[in-house]
Amino acid sequence: MNIHDIIKKVNNREAFTQQEVVSMLEINPRSREAAVLMGESSRISRELTGNTAEVHGQFALNLAPCPVNCRFCAFAAKYGIFKEPKELTVQECTEYALGFDNSEENAAVFLMTTANYDFGKFIEISSEVRKVLRPETLMIANVGDMTPEQAKRMKDAGFNGTYHAIRMGEGDKTNAPVKNRLKTIRAFQDAGLIVGTCVEPIGPEHTNEEIAEKILLAASFDPAFSGAMRRITIPGSDLEQYGMISELRLAQIVAVTRIATPMTVLGNCTHEPNVMGAMAGANLFWAEVGGNPRDTKEKTEENRGVSVADCAKLLSEAEWQVAKHPSAYYNKTHGKLAEI
Ligand code: SF4
């Protein structure tokens, strides 16, 4: 499939097959064709959103060794980076949440935990956070796998949506079976929680076939947003030997994800925030404070984490307007993951 066929298919709003997605990923990121892909992705993202990008802010309720042991994560118990569990107090959580909510350009507040965080405590603290947020602010959960009952309790606690992904190497490089991740996504959707997702964390060892499969799997559950994130090397981790993909290759994958994802999906994220991604059609960046699975510092704002203002600045460098209202990407009703 050449670049002209790709553009023609986009214009006709036709769905791409897995092999066609592979052929887009096979293009040399340094080529003219790759630049055209990125330009086309940018056009789609900007037209779908009126050239309005979003910044979402995330903080972690805890730092702890996590038994799911995802090989790419600083919290993996096997790496011993965070030896003792550390949990934020209600006050610390509300302060972090308000820090985001008081930023004009923050469109949603994400609460993240490791997979073994006590669910009762999570609901308790989230309910307190909800009380201090502006009523129109969207509260989003980034947590481990959940049952349908737990998903309903999250909805009752005031969550509007969740972030959940079928990660690269899921079930092999993580102790979370793909089936459980999919069941959780379905449970969230059944409970009325809108799910955002991403193809992540991508490393140089992942084949185009694996990436294409994850792009189409993400698209299949009609998320609030999809996108692509590269793996950040955790020193001493099992995956350190593979290194990292470049921002240019990531920008290409961001573009392919946008092109291969239905137009009902407005958001196209990339992480960590960078101008090249925004130029290639990424319209969602994350600001982060507190614990971060890609950082070995307890407070990521002192290391890798980027502020809301910095995210907005990076987006504006790619000539995006930045939303000053609750997320339009999460404000959707949508279809559901069909089969598990
Ligand atoms: S990515 Fe999440 S589930 Fe996996 S080890 Fe890290 S905290 Fe646990």
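Here the structure is a predicted model, which means the values were calculated and not measured.

## Regarding the overall build of the protein chain
Point 1. What the protein chain contains, in helices and strands, is 11 helices and 12 strands.
Point 2. Its C-alpha atoms give the protein chain a radius of gyration of 19 Å, within 12% of the compact-globule value 20 Å for 340 residues.
Point 3. With respect to the three principal axes, the spread of C-alpha positions in the protein chain is 55 × 40 × 40 Å.
Point 4. When each of the 340 residues of the protein chain is scored for burial, the buried share is 59%.

## Quick notes on the pairing of strand β1 (residues 52–60)
Point 1. Burial analysis of β1 places eight of its nine residues in the buried class, which makes it a mostly covered element.
Point 2. Bridge analysis of β1 against strand β4 (residues 108–112) gives five bridges, and the strand direction is parallel. Opposite Phe-59, over in β4, you have Leu-111 as the bridge partner.

## Quick look at the packing of aromatic side chains
Point 1. Applying the stated criterion across every chain, the model contains 10 aromatic pairs.
Point 2. Geometrically, the ring pair formed by Phe-59 and Tyr-96 is tilted, given 5.8 Å between the ring centres and 40° between the ring planes. Of this pair, Phe-59 sits in strand β1 while Tyr-96 is found in helix α4 (residues 90–101), placing the two residues 37 residues apart along the sequence. In this structure, Phe-59 and Tyr-96 share a single accessibility class: buried.
Point 3. Look at Phe-225 and Tyr-330: their rings are 5.7 Å apart centre to centre, the planes differ by 80°, and that puts the pair in the edge-to-face class. A residue pair is termed long-range when its members are at least 10 positions apart, and Phe-225 in strand β9 (residues 225–230) and Tyr-330 in the segment after β12 (321–322) qualify at 105 residues. Exposure class is identical for Phe-225 and Tyr-330. Each is buried.
Point 4. Positioned above the aromatic ring of Trp-320, the side-chain terminus of Arg-46 is 4.5 Å from the ring centre.
Point 5. Lying over the aromatic face of Tyr-117, Lys-121 brings its terminal NZ or CZ to 6.0 Å of the ring centre.

## Quick look at helix α9 (residues 247–260)
Point 1. Between its terminal C-alpha atoms α9 stretches 20 Å, which fits the 20 Å expected from 14 residues at 1.5 Å a residue.
Point 2. Counting buried residues along α9, 12 of its 14 residues qualify, which places the element largely inside the surrounding structure.

## Concerning the site of the ligand
Point 1. Cys-66, Val-68, Asn-69, Cys-70, Cys-73, Phe-75, Thr-114, Ala-115 and Arg-167 make up every residue found near the ligand.
Point 2. Residue classes in the shell around the ligand are distributed as six nonpolar, two polar and one charged.

## Considering unusual backbone geometry
Point 1. Along the chain, Glu-200 connects to Pro-201 via a cis peptide bond; the corresponding omega equals -15°.
Point 2. Summarising the element assignment, Pro-201 is placed in strand β8 (residues 199–202).
Point 3. His-271 connects to Glu-272 through a cis peptide bond whose omega is 5°.
Point 4. Tracing the chain through its elements places Glu-272 in the loop between β10 (267–271) and α10 (275–279).
Point 5. Backbone geometry places Arg-13, a non-glycine residue, at a positive phi of 55°.
Point 6. Here Arg-13 lies in the loop between α1 (3–11) and α2 (18–25).
Point 7. Despite not being glycine, Asn-51 has its phi angle at roughly 60°, a positive value.

About the criteria used
Residues numbered from 1 in each chain as written. Predicted model: local features only at pLDDT ≥ 70, side-chain atom pairs only at ≥ 80, totals over all residues. Heavy atoms only, no water. Helix = DSSP H or I, 4+ residues; strand = E, 2+ residues; numbered from the N terminus. Rg over C-alpha atoms; globule rule 2.2 N^0.38 Å. Buried < 20%, exposed > 50% of the residue type's maximum accessible area, 1.4 Å probe, protein only. Pairing = 2+ DSSP bridges. Phe/Tyr/Trp six-rings, centres within 6.5 Å; stacked < 30°, edge-to-face > 60°. Lys NZ or Arg CZ within 6 Å of the ring centre and 35° of its normal. Expected span 1.5 Å × (residues − 1). Near = heavy atom within 4 Å. Nonpolar A, V, L, I, M, F, W, Y, C, P; charged D, E, K, R; others polar.

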